[in-house]
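In case you want the letters, here they are:
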Amino acid sequence: MDQNHLDQIMQLTLEHMPSKMRESSSTVKRYFQVLMRKMIPVRLETPPKNGAKKVIMLVGPTGVGKTTSIAKLAAHYALGGKRRVGLATTDTYRIAAPEQLRTYARIMDIPMQIAADENGLHTVIDGSGDRDIILIDTPGTGLNDQSHLDRMKSMFNQREGVDVSLLLSMASSQENLFDTLARYEDLRVDQVILTKMDECRRFGFLFDLMEKAQKPVPYVTMGQNVPKDIQAVNSGD
């Protein structure tokens, strides 16, 4: 964690902590832990309104785990939440990408479609009236591939009612994570999903990251196991 950020948190802790609590180091520690948990905004799931469908689009750099995370979310909603889920992918760049998602869809008995362009995406969304939730996979982009990011921005420009979830891998360096936030800013990200938590050894920078992102975190993922390795987040975790 950035030292200035940490100093600021400690100062606020001491200013707002009741004087009686300061007499015990263990009490100070617990108070500090609670404060730290509350610094990471969370987003609790709300079910779609009657007759409405929820559309969630996952974006992020190559290798962050979008396709696996979509499979985990699909299982979470379909198997755990008893929702009617539909899957779609706009990733027509990698030869095996649609087949990987189709395999997950077949196992869970969930419809899956491919949208090669903006019109195809609208067709998928508009034609999925019997679905409660539509999860959309997108191609990974390199941080320096501005043309690809511009194409995605154009494709999803008319996206009213679509939640954009940016996936950030905790196996990445702090510098790369900050660069990713900056690169995807134009896509108007609604929330952040943290992936590969099991590969992270230091979590202090997470607070700096979330302060910069200013976006809620609904889920974290850890491991490759579908459907188990995903966890909904609340402020008490």
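Below you will find a few notes about this structure. Residue indices begin from 1 for each chain and proceed along its sequence in written order. A pLDDT threshold of at least 70 governs which residues receive local features in this predicted model, and a stricter bar of 80 or more applies before side-chain atom pairs are shown or counted, although totals over entire chains, interfaces and linings include all residues. The basis for the side-chain values is all heavy atoms of the structure; hydrogens and waters are excluded.

As for the overall build of the protein
Thought 1: Runs of E in the DSSP output that reach at least two residues are strands. Runs of H or I that reach at least four are helices, and both are numbered from the N terminus. When you go through the protein residue by residue, the secondary structure sums to 8 helices and 8 strands.
Thought 2: In the protein, of all internal contacts separated by at least 6 residues, the share reaching a separation of at least 24 is 74%.
Thought 3: As presented, the protein carries roughly 12,700 Å² of accessible surface, and 49% of it is formed by carbon and sulfur atoms. Pairs of residues are marked as contacts when any of their non-hydrogen atoms sit within 4.5 Å. Where accessible areas are quoted, they stem from the Shrake-Rupley method and a 1.4 Å probe; at the residue level, only the protein chains shown are allowed to cover.

Some words on unusual backbone geometry
Thought 1: Positive phi, normally seen in glycine, also occurs at Lys 196, with a value near 55°.
Thought 2: Take Lys 196: it is sitting in the loop between β6 (191-195) and α8 (205-213).
Thought 3: Its identity as a non-glycine residue notwithstanding, Gln 214 has a phi of 55°, on the positive side.
Thought 4: Within the fold, Gln 214 resides in the loop between α8 and β7 (219-221).
Thought 5: Relative accessibility thresholds used throughout: buried, under 20% of the residue-type maximum; exposed, over 50%; partly exposed, between the two (1.4 Å probe, protein chains only). Residue classification places Gln 214 among the exposed residues on the basis of a relative accessible area of 58%.

Overview of the layout of surface pockets
Thought 1: Detection works on a 1 Å grid of protein atoms alone, calling trapped sets that fit a 1.4 Å probe cavities and calling open sets with protein on both sides within 12 Å along at least five of seven lines pockets, with lining residues defined by an atom within 4 Å of a point. Grid points are joined across faces, edges and corners, and a volume is the space filled by probe spheres set on the points. Reported here for the largest pocket is a volume of approximately 350 Å³.
Thought 2: Around the largest pocket sit 25 residues that line it, and Gly 63, Val 64, Gly 65, Lys 66 and Thr 67 are the ones nearest its centre.
Thought 3: At 5 residues, helix α3 (residues 66-80) tops the list of elements feeding residues into the lining of the largest pocket.
Thought 4: When residue character is reported, Ala, Val, Leu, Ile, Met, Phe, Trp, Tyr, Cys and Pro are called nonpolar, Asp, Glu, Lys and Arg charged, and the others, Gly included, polar. Here the lining of the largest pocket is composed, by residue class, of 4 nonpolar, 13 polar and 8 charged.

Quick notes on helix α6 (residues 146-155)
Thought 1: Taken together, the buried positions of α6 are His 148, Leu 149, Met 152 and Met 155. Buried residues of α6, seen end-on, are gathered within an arc of 125° and therefore sit on one face of the element.
Thought 2: The secondary structure elements touched by the buried residues of α6 are β1 (54-59), α5 (118-126) and α7 (174-183). Each direction from the helix axis to a C-beta atom contributes to the arc, which is the arc of those directions.

Notes on the nonpolar core
Thought 1: By size, the foremost hydrophobic cluster in this structure holds 35 residues, and its most contacted members are Val 59, Ile 136, Leu 168, Met 170, Leu 194, Leu 209 and Met 210.
Thought 2: Broken down by secondary-structure element, the contributors of at least two residues to this core are β1, α5, β4 (133-137), α6, β5 (162-169), α7, β6 and α8.
Thought 3: Sorting elements by how many residues they give to this core places α8 first, with 5 residues. As used here, the term nonpolar core means buried Ala, Val, Leu, Ile, Met, Phe, Trp, Tyr and Cys residues forming a set that is joined through side-chain atoms within 4.5 Å.

Quick look at empty space enclosed by the protein
To find the voids left in a structure, one rolls a probe of water-molecule size over its atoms.
Thought 1: A full pass over the atoms with the stated rule returns 1 cavity of 30 Å³ or more.
Thought 2: There is about 50 Å³ of room inside the largest cavity.
Thought 3: What lines the largest cavity is Gln 146, Leu 149, Asp 150, Lys 153, Arg 183, Tyr 184, Asp 186 and Leu 187.
Thought 4: Considered class by class, the residues forming the lining of the largest cavity number 3 nonpolar, 1 polar and 4 charged.

Remarks on the pairing of strand β2 (residues 85-89)
Thought 1: Among the 5 residues of β2, 5 are classified as buried, and the element is accordingly described as predominantly covered.
Thought 2: Every second residue of β2 is oriented toward a common face, with Val 85, Leu 87 and Thr 89 on one face and Gly 86 and Ala 88 on the other, all of them buried.
Thought 3: When DSSP finds two or more bridges between a pair of strands, those strands are recorded as paired. Judged from the 5 bridges that link them, β2 and β4 form a sheet pairing that is parallel. Residue pairing in the sheet places Leu 87 in a bridge with Leu 135 of β4.

A look at the environment of Asp 91
Thought 1: Following the sequence through the fold, Asp 91 ends up in the loop between β2 and α4 (97-108).
Thought 2: For Asp 91, a relative accessible area of 1% puts it in the buried group.
Thought 3: Separated by 49 residues in the primary sequence, Asp 91 and Gly 140 place their C-alpha atoms 8.1 Å from one another.

Quick word on the pattern of salt bridges
Thought 1: Whenever Lys or Arg places a side-chain nitrogen within 4 Å of a carboxyl oxygen from Asp or Glu, that contact is recorded as a salt bridge. Counted according to the given criterion, the structure contains 3 salt bridges.
Thought 2: The residue Arg 131 makes a salt bridge to Asp 130 at a minimum N-O spacing of 3.3 Å.
Thought 3: Take Arg 131: its relative accessible area is 17%, and that puts it in the buried class.
Thought 4: By relative accessible area, which is 41% here, Asp 130 ends up partly exposed.

Side note on the environment of Thr 89
Thought 1: Along the chain, Thr 89 falls in strand β2.
Thought 2: With sequence-adjacent residues up to four places away left out, Thr 89 is seen in contact with Pro 98, Leu 101, Met 112, Gln 113, Ile 114, Ala 115 and Asp 137.

Digging into the pairing of β1
As a general feature of sheets, a regular strand has side chains that alternate between the two faces.
Thought 1: With 6 of 6 residues buried, β1 lies mostly within the body of the structure.
Thought 2: Along β1, one buried face is formed by Lys 54, Ile 56 and Leu 58 and the opposite face, lined by Val 55, Met 57 and Val 59, is buried too.
Thought 3: Taken together, the 4 bridges between β1 and β4 define a ladder with parallel strand orientation. Each residue of the ladder has a partner; that of Lys 54, found in β4, is Ile 133.
Thought 4: Note that β1 and β5 share 5 bridges and pair parallel. Counterpart to Val 55 in the pairing with β5 is Val 162.

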